[in-house]
Structures are given as structure tokens and as C-alpha cells.
Amino acid sequence: MPDGLESESRKLLGRLRDLMAEEAAGQERLDKITHLTANSMGCEVCSIYLFRDEETLELCATEGLKAEAVHQTRMRVGEGLVGRVAKSGARVNTADAPSAPGFRYMPETGEEIYSSFLGVPIQRLGETLGVLVVQSKEARKFIDDEVYALEVVAMVLAEMAELGAFVGEGAAMSARHTQPYLIRGVTGQEGAAEGHVWLHEPRVVVTNPIADDPHREMERLHEAVEQLRVGVDQMLAGARGGDKEQLEVLEAYRMFANSRSWMRRMQEDISRGLSAEAAVEKEQSTARTRLSQVPDAYLRERLHDLDDLSNRLLRILTGQGSVTGAEMPDDPVLIARNIGPGELLEYGRKLKGIVLEEGSVGSHAAIVARALAIPLVIRAGRVTTEALNGNHIMVDGDQGVVHLRPDDTVVAAFRDKMAMMAQAQERYASIREKAAETLCGKTISLQMNAGLMADLPSLAGSGAEGVGLFRTELQFLVRSQMPKRTELAELYARVLDAADGKRVVFRTLDIGSDKVLPYMKATDEPNPALGWRAIRVALDRPGVMRMQLQALLRAANGRPLSVMFPFIAQYSEYTQARAEMDKALERERILGHPIPESLEVGAMLETPSLGFAPDAFFREVDFLSIGGNDLKQFFFAADRENERVRRRYDTLNSSFLTYIQQIISRCDTHGTPISFCGEDAGRPVEAVCLAAMGLRSLSMRPASIGPVKHLLRKTNLDELRQVIENAREAGEQSVRPAVMDYLRKQ
Ligand code: PEP
Ligand code: MG
């Protein structure tokens, strides 16, 4: 790059910095920027167009076009050259604008006399906020340095926090980050919460995009990159021998961190007048735009890696760690792109709500959020970009909707809804000690699902009769290394102490599929949900199960004990697992340790095959629990974690209910106690239908016990059964419409 040109673009930046330091704000500052840019670049026109809403751009400031067009001229994304830049996120540089594809002139601006056009997107972190344009009468194509200078001005504009405030009255995007914003996501955990935003990873704010001393900035960049490389190498060293995917990600990090072209581009940015952090952000932004347009999923994933790396570098440069000094509000609603179960547990119950940009219903974070009964919305697009620390936020976990910076009407409506829910809770509290007795005189046993020590207080509060499913893997998942037998024994003993004589059904370790222990060698499987998981792992590598069974026997210390094995697909798996229990029991006897006063050993029915097991299995097993989450995914061959297919199949599908009915009938024949512990047991309508099919024991999230009991007490199961059978005989695919109709009439 010729020296003269380099200094030109630096000079422009220097003037821009002086301008930004002046008192002027708002429209005046914007006008000055267009004036300065046009002058410095020797153009007659410089204009700023900003998004007014997702579809429309508005001319917000201009030097050279007619002043009366400001805030009047608007265009749709994709329309004209400006719209083309906004849509593609790529610059348009032409000496003959009227002949360029897509050209459309706006008569009110008087732009028809200008021949050359250079438009660049105003982007922040890959998101286009508007378009910056220079035009001149002289027909010329702008040279690289001019393009660069304009891009840098666009970047400085993008950093202006008040940018959105320039858009005219009534614009949806005006005063970005101050206007209400509605996000539709997916329910992760029901419930409503109001609070203030707490960003798990706050965005780094670059306050000094322009720098005086490029040498100093180069040094800062080099030091920061060095620190970054050392950090990545340390992470890699720590991860060796561990999870393969994690290693792959770190290898990609290292590749990026050592990328010469990345470094060269940032150095070039600095030499043209940007500060080190602005250079990092500029490259981050460019990479985001480029990569978000590639169709290849693998490459897009790398976008995340590069993004993370750039964020790390920005944090090093600005000294803004995760801890930014901001104080956590009293009513924090956690916002994150995604979060691990351990991190979530660290926040614990102080969170009012959680909103994740990614995440899935079956993820560990969702399981933990459910265990802590914190309303959770997942797949809330753009939430991490839109939310600022301290913003007022309302989370509707039932509908999967998030109201960011809600206006007064939404606040009022939402608070009404919360008040109604609180009233309902009171109503449930009033029936807490009552039995779940239906109008036709049948009593259903309601139990709760748990997995953490923190869940146990709910046993008294919810009115549950016991713990129908204790997911022991949660304890394994939230640790960084395999727990020891004594630790587990102590923990299980505390669980039994807290249950105070109520029955607790411990399910042995259910890992594999989406539940991967960080300290166990991961296996690469094409279909993990159908792969080496749960009892299959336990029987192939019995060490951990033996340790766990021993811990359970020690914890019981003579008290009654209930244990069940997950994911039993055939009779022999149950007999083998049971044999392990018998051996463990014998060992305890020989060692002279107390053995449980009574011992029940059950199985989870989570695969369709087990419903067709030989009669001998039903006679031998002490009890069965239907794991509806897994059973449903295999019955319909629809991945429970894939939102696209999961929702196609209704639990109240006639075929599924018929299958449940057949299982119950086989259990009745052989006197096998049967319960249901999947998520559907906690949904009142589904729960009454399961009871109508003959289930007398349901285990669910503690928060669901009140609503389920309430509906059960108002329902006649015999009548409901008839409604279901009629609908089924009429050939209905789902009995839901008929059931809803019946329940409404009641
Ligand atoms: C189930 O599959 O229904 C179940 C209760 O187990 P999990 O959700 O832990 O797989
Ligand atoms: Mg399961």
C-alpha cells in the first residue's frame, strides 16, 4: 500500500476521532461524520442509511443529497444498490451506478447526477445495521484504500451505541437496545419469571476504535495473541486423552490462533489507524459475514470457534473478563448462547429464569433447569445480541416466549398471568395433603422425579408420595471426575435421610446418548441414542455399576431400598443386571454389613421391545417404570432432541395409548407394579389420559404435582376412558381433540 494513501486513511480516522470526542451527539454528530467523510474522500456525497425495521432502510444523514430527503427516503432490503449492500452484506463499488444491476434512483434525493457509487455495510459482529455510501459525479471506481477508509468509518459508526436513535419516529429498530423486543423460542421448562438480564458472557465493549500510535497497538496485539496462544496450548494439553470433539475444537482454535493471514489482516487494520481491539472486531465481523453465508454445516461450526477465539482475544485486550464489574441484579435472568450443567448449578436457585440461544429440551442444562424449577426458554434466536445487562425481561416458559424490555401493556398482562399462576399454586397448596382421588373413586399415587440433593426439599413442599425416579447420572454429570464409592454412599444416604421413610427409586447410571461424562472416554457412534448407553455400558463394563450398587446398599444401611435399571430392551439384560445386584448383596452379607430390610429391583420400559418380553420377565421383575421420553422416541422413530421431528407425534396418539394400555394389561395379568416417569406424566391432560388407560402411579417434576392432582380430582376416569375409546374407534389419529372437548365440558 502506498505510504501516501495509508496516511490519508489514517488522517481521516484521526479527524473522526476528534469529532467523536466533541460534545455533539445525535443527528449533529452523524451529519458531521458524513461531511467529514465526503470531504476527506473527495466525494460530493456521503450518506448513512440505517435499518428502520427488519425489512426497511432509512436515509438518516447525508452530505450532498437533498436535506429534505433525510428520514423520508426509505427502501426495502434488496431494493436499489443500497438495499443490495444491506442484503448481501457485501460492498458495491461501481463507476457507473445507473447501469449497475439493481440500480433504482430515488428522485427526492437528487442523486441522479452522481455516477460513481461505493456502498459498504455498517456491521457489528456480522450483523448489518445499515449502509454507508459515498457518491461522486466523476465516473471512477474507488481504489482499495478508499474502500478500506469507508469500511473503517462504517465500523466506527457501528460502535456508536446511540446509532439506532437516529432513525426517524416510530421505527422498530430505532434506539436499538432500548425498544421492546419479542423472541419466540421453545419451552425448556415451564413457568413464568420476571427479572433483569444477567449475561453469562457479557459482550466486550470497544470504546476506543481509533488509535494514535500504531506501533503501540501492534505491540498490544502481539502480546495479546501470544497470551491467547499460550492459553489455547494449555487447554489442549489439559484435554489430551479426553473427549475427541473437544480436542477437535481446540485444534481448530490453535489453527486460528496461529493463522498468519488472520494476524496479517489485523496488522493491516492497525496500520491504517484502528486500535488493536477494533482490528480484532473488524476481522471477527468480516469472518462472521463470510462464514454465515457458507452452506456447509462444518464450516459454519468453525465460525463459532473463530468467534470464541476473537472474543477471548478481545477480553485479553480490553481486560473485560466474564467479570466486568457489573453487579448481578437481585432478580437475575440468565442469558447465554449455551451453558453446561455444572455452570448452571453454580448459579443455582438464585436465577429467576434462563434464556438460551441454542440448547435442546433433552440437554443436561435443561434437565438441571427443570430440577431447579427455573423457567427456561431455549432456541431464543438473537437473544445474546439483543439483551444488555440489566434490561428488564419477562420469560414465559409455558409459551417459549421472551419479552425483552417489555412495554407497559405487556408488563401488565404478564403480571396478571403470574398472579393467576400464583393463585393456582395456592389452590394446589390447599390440596397438598389430599389424595389424588378421582371423581370415579380411584386413587393415583403421585411421585416426583429428582436427581440432585437440591431437589429433595420439594418432596415435602410438593405433596409427592415419594421419589419415583432418582436420576443418579446427574451427580456424575456435574463433576469433573468419577465420584468415589464412599462419596456416593454418603450422598445416597443423605437422599434417603431427606426422604424420611418415603420410597426413593434410584435408577442406576444412565449415560450415553446425550449424557456424556467428561471424564469417560467418548465413543464415536453414528446414532448415540441407539448406541452404547445406559444398561448396555453397565453390563459391558460392570465396574461402575458394581461400585454404584455397593454404594446404594451401604447408603440404605438396613433401610428398604428400591433400584431400577435403565433402558432394558430384553429379558436377559434384566437378569444379568439383577445378578449383579444379588452378587453385591451377597458380598455385603459376607462383609457383615447390614442388608436392606426389603429390596425391590425394577426395570425401565423405554424400548418398545420390552413391552413384548416373555411372560417370565413380567413375573420376575419387581416393578416396571415406563420411561415415556425414550419409549416415545423409539415408538415413533423420532429423535426426542430434534425439535423438528419431535413435535410431529402426540403422546395422545391412539396407537401410542393402545400400546401403553397393552403394557398395563400385561402387568395386571402378572401382578407387576407399573408406573410412568417420563415428562408426559407431569402434563395434566396427558397424565389424566395415562390414568384413564390404567396407570395408577405417575412420577413427575415436583412443580407438576399440584396441577396434575388438581385435574385428576376433577376427572372421572371411566368416562374419560370411554371418550378415548370412542375416538380411537372412530379412527382418530390423536384422541386429543376429543379429550380436550370432554375436559372443557367438565
Ligand atoms: C425417560 O426416558 O422417559 C426417562 C424418564 O429417562 P430420561 O429422560 O432420563 O432418559
Ligand atoms: Mg430414558
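Values in this document were obtained by computation on a predicted structure and should not be read as measured data. (Residues numbered from 1 in each chain as written. Chains lettered and ligands numbered in written order. Predicted model: local features only at pLDDT ≥ 70, side-chain atom pairs only at ≥ 80, totals over all residues. Heavy atoms only, no water.)

1. With respect to the nonpolar core
So, step 1. Ranked by internal contacts, the top residues of the largest apolar core, which has 99 residues, are Leu624 and Leu698.
So, step 2. A per-element tally of this core places helix 18 (residues 543-556) first, with nine residues.
So, step 3. Excluding residues within four positions of it along the chain, Leu624 makes contact with Ala603, Leu605, Leu610, Phe617, Phe618, Cys667, Thr672, Pro673, Ile674 and Ser675.
So, step 4. One finds Leu13, Ala38, Leu118 and Val153 within the second-largest nonpolar core, a separate group that totals 37 residues. (Core = buried A, V, L, I, M, F, W, Y, C linked by side-chain atoms within 4.5 Å. Buried < 20%, exposed > 50% of the residue type's maximum accessible area, 1.4 Å probe, protein only. Helix = DSSP H or I, 4+ residues; strand = E, 2+ residues; numbered from the N terminus. Contact = heavy atoms within 4.5 Å.)

2. A look at the pattern of salt bridges
So, step 1. Throughout the structure, instances matching the rule amount to 50 salt bridges.
So, step 2. Among the ionic pairs, Arg471 bridges to Glu679, the shortest N-O distance being 3.9 Å. Of this pair, Arg471 sits in strand 17 (residues 467-471) while Glu679 sits in the loop between strand 22 (674-676) and helix 24 (684-692); the two residues are 208 residues apart in sequence, bridging distant segments of the chain. For the pair formed by Arg471 and Glu679, the shared burial category is buried.
So, step 3. Linked by salt bridges that have partners in common, Arg91, Glu151, Asp269 and Lys282 make up one network. (Salt bridge = Lys/Arg side-chain N within 4 Å of Asp/Glu carboxyl O.)

3. Remarks on the site of ligand 1
So, step 1. Around ligand 1 there are 14 residues in total, and Arg471, Arg507, Glu606, Asn629 and Arg640 lie nearest to it.
So, step 2. Contact distances for ligand 1 include 2.8 Å between an oxygen atom and a side-chain N or O atom of Arg471.
So, step 3. In this structure, an oxygen atom belonging to ligand 1 sits 2.8 Å away from a side-chain N or O atom of Arg507.
So, step 4. Within the complex, the protein chains bury 99% of what would otherwise be the 290 Å² of accessible surface of ligand 1. (Near = heavy atom within 4 Å. Polar contact = N/O pair within 3.5 Å; in protein donor to acceptor, adjacent residues only side chain to side chain. Areas by Shrake-Rupley, 256 points an atom, 1.4 Å probe, with all protein chains shown as cover.)

4. Looking at the pairing of strand 19 (residues 561-568)
Regular strands have side chains that alternate between both faces of the sheet.
So, step 1. In terms of residue burial, strand 19 counts as a mostly covered element, since eight of its eight residues are buried.
So, step 2. For strand 18 (residues 504-507) and strand 19, the ladder comprises three bridges, and the chain directions are parallel. Note on strand 19: the bridge partner recorded for Val505 is Ser562.
So, step 3. As paired elements, strand 19 and strand 20 (residues 599-605) share six bridges and run parallel to each other. Residue Met564 lies in a different strand from strand 20, and its bridge partner there is Gly602.
So, step 4. Handedness of the crossover joining strand 19 and strand 20 through helix 19 (residues 571-591): right-handed. (Pairing = 2+ DSSP bridges. Right-handed = clockwise from strand over helix to strand, strands pointing away.)

5. Focus on the environment of Tyr114
So, step 1. By the secondary structure assignment, Tyr114 is in the loop between strand 4 (92-94) and strand 5 (116-124).
So, step 2. Through-space distance from the C-alpha of Tyr114 to that of Pro614 is 85 Å; in sequence the pair is 500 residues apart.
So, step 3. Once residues lying within four places of it in the same chain are set aside, the contact partners of Tyr114 are Glu44, Val45, Gly64, Leu65, Pro98, Gln135, Ser136 and Lys137.

6. Overview of the packing of aromatic side chains
So, step 1. Under the definition given, this model contains 12 aromatic pairs.
So, step 2. Ring geometry for Phe636 against Phe656: centres 5.9 Å apart, planes inclined by 40 degrees, an arrangement best described as tilted. Placement of Phe636 in the loop between helix 21 (628-635) and helix 22 (643-646) and of Phe656 in helix 23 (residues 654-670) is noted, with a sequence separation of 20 residues between them. For the pair shown, Phe636 and Phe656 are each scored as buried. (Phe/Tyr/Trp six-rings, centres within 6.5 Å; stacked < 30°, edge-to-face > 60°.)

7. Considerations on the sheet that holds strand 13 (residues 392-396)
So, step 1. With mixed pairing, eight strands are arranged side by side in an open sheet as 7-14-13-9-10-11-12-8. Because the sheet does not close on itself, it has two edges, and the strands there are strand 7 (181-184) and strand 8 (186-189). Each neighbouring strand pair of the sheet contributes to a mean axis angle of 25 degrees, computed without reference to strand direction.
So, step 2. Two elements, strand 8 and strand 12 (residues 376-378), share three bridges in a ladder whose sense is antiparallel. From the neighbouring strand, Thr187 faces strand 12, where its bridge partner is Val377. (Axes fitted to C-alpha atoms, helices over the stretch in contact; angles between N-to-C directions.)

8. Some words on the side chain of Ser654
So, step 1. With respect to the element layout, Ser654 can be found in helix 23.
So, step 2. We classify Ser654 as buried; its relative accessible area is 7%.
So, step 3. Ignoring anything within four residues of it in the chain, the contact list for Ser654 reads Arg728, Glu732, Gln733, Ser734 and Val735.

9. Thoughts on the coordination of the magnesium ion (ligand 2)
So, step 1. Within the protein, Glu606 (OE) and Asp630 (OD) serve as the donor atoms for the magnesium ion (ligand 2), at 2.0 to 2.1 Å. With Glu606 in the loop between strand 20 and helix 20 (615-620) and Asp630 in helix 21, this residue pair connects regions lying 24 residues apart in the sequence. Per residue, the accessibility class of Glu606 equals that of Asp630, and both read buried. (Donors = N, O, S within 2.8 Å, 3.2 Å for Na, K, Ca; no water.)

10. Quick look at helix 16 (residues 485-499)
Given 3.6 residues to a turn, an α-helix orients residues that are three or four positions apart in the same direction.
So, step 1. In a regular helix each residue adds 1.5 Å, so 15 residues correspond to 21 Å; helix 16 covers 21 Å between its end C-alpha atoms and thus fits that length.
So, step 2. Within helix 16, the full set of buried residues consists of Leu488, Ala489, Leu491, Tyr492, Ala493, Val495, Leu496 and Ala499.
So, step 3. Buried-residue contacts for helix 16 involve helix 14 (457-462), strand 17, helix 15 (473-477), strand 18 and helix 18.
So, step 4. Looking one or two residues past helix 16, Asp500 carries a phi angle of roughly 50 degrees, positive in sign. (Expected span 1.5 Å × (residues − 1).)

11. Here's the deal with the state of the cysteines
So, step 1. Enumeration according to the criterion identifies zero disulfides in this entry.
So, step 2. Free of any disulfide, Cys60 has its nearest neighbouring cysteine sulfur in Cys46, separated by 13 Å.
So, step 3. For Cys677, which is in no disulfide, the shortest distance to another cysteine sulfur is to Cys667 and amounts to 13 Å.
So, step 4. Residue classification places Cys677 among the buried residues on the basis of a relative accessible area of 1%. (Disulfide = S-S within 2.5 Å.)

12. Describing the domain arrangement of the protein
So, step 1. Along its sequence, the protein is organised into domain 1 (3-178), domain 2 (181-202 + 324-421), domain 3 (214-318) and domain 4 (443-720).
So, step 2. Both sides of the domain 1 and domain 2 interface together cover about 480 Å² of buried area, and 40% of this is carbon and sulfur.
So, step 3. At the boundary of domain 1 with domain 2, the tally comes to zero salt bridges.
So, step 4. Viewed at the interface, domain 2 and domain 1 are joined by zero residue pairs in polar contact (both at pLDDT 80 or more).
So, step 5. Tallied by class, the residues present in the side of domain 1 that touches domain 2 amount to no nonpolar, two polar and three charged. (Domains from an automatic or database assignment. Buried area = accessible area lost by both parts, 1.4 Å probe. Nonpolar A, V, L, I, M, F, W, Y, C, P; charged D, E, K, R; others polar.)

13. Quick look at the confidence of the model for the protein
So, step 1. Taken over all residues, the pLDDT of the protein has a mean of 87, while the share at 70 or more is 90%.
So, step 2. Across residues 1-5 the pLDDT falls below 50, and counting only partners more than four positions away or on other chains, this stretch makes seven contacts in the model.
So, step 3. Low pLDDT, under 50, characterises residues 168-175; the predicted model gives this stretch 21 contacts beyond four residues in sequence or across chains. (pLDDT = per-residue confidence, 0-100.)

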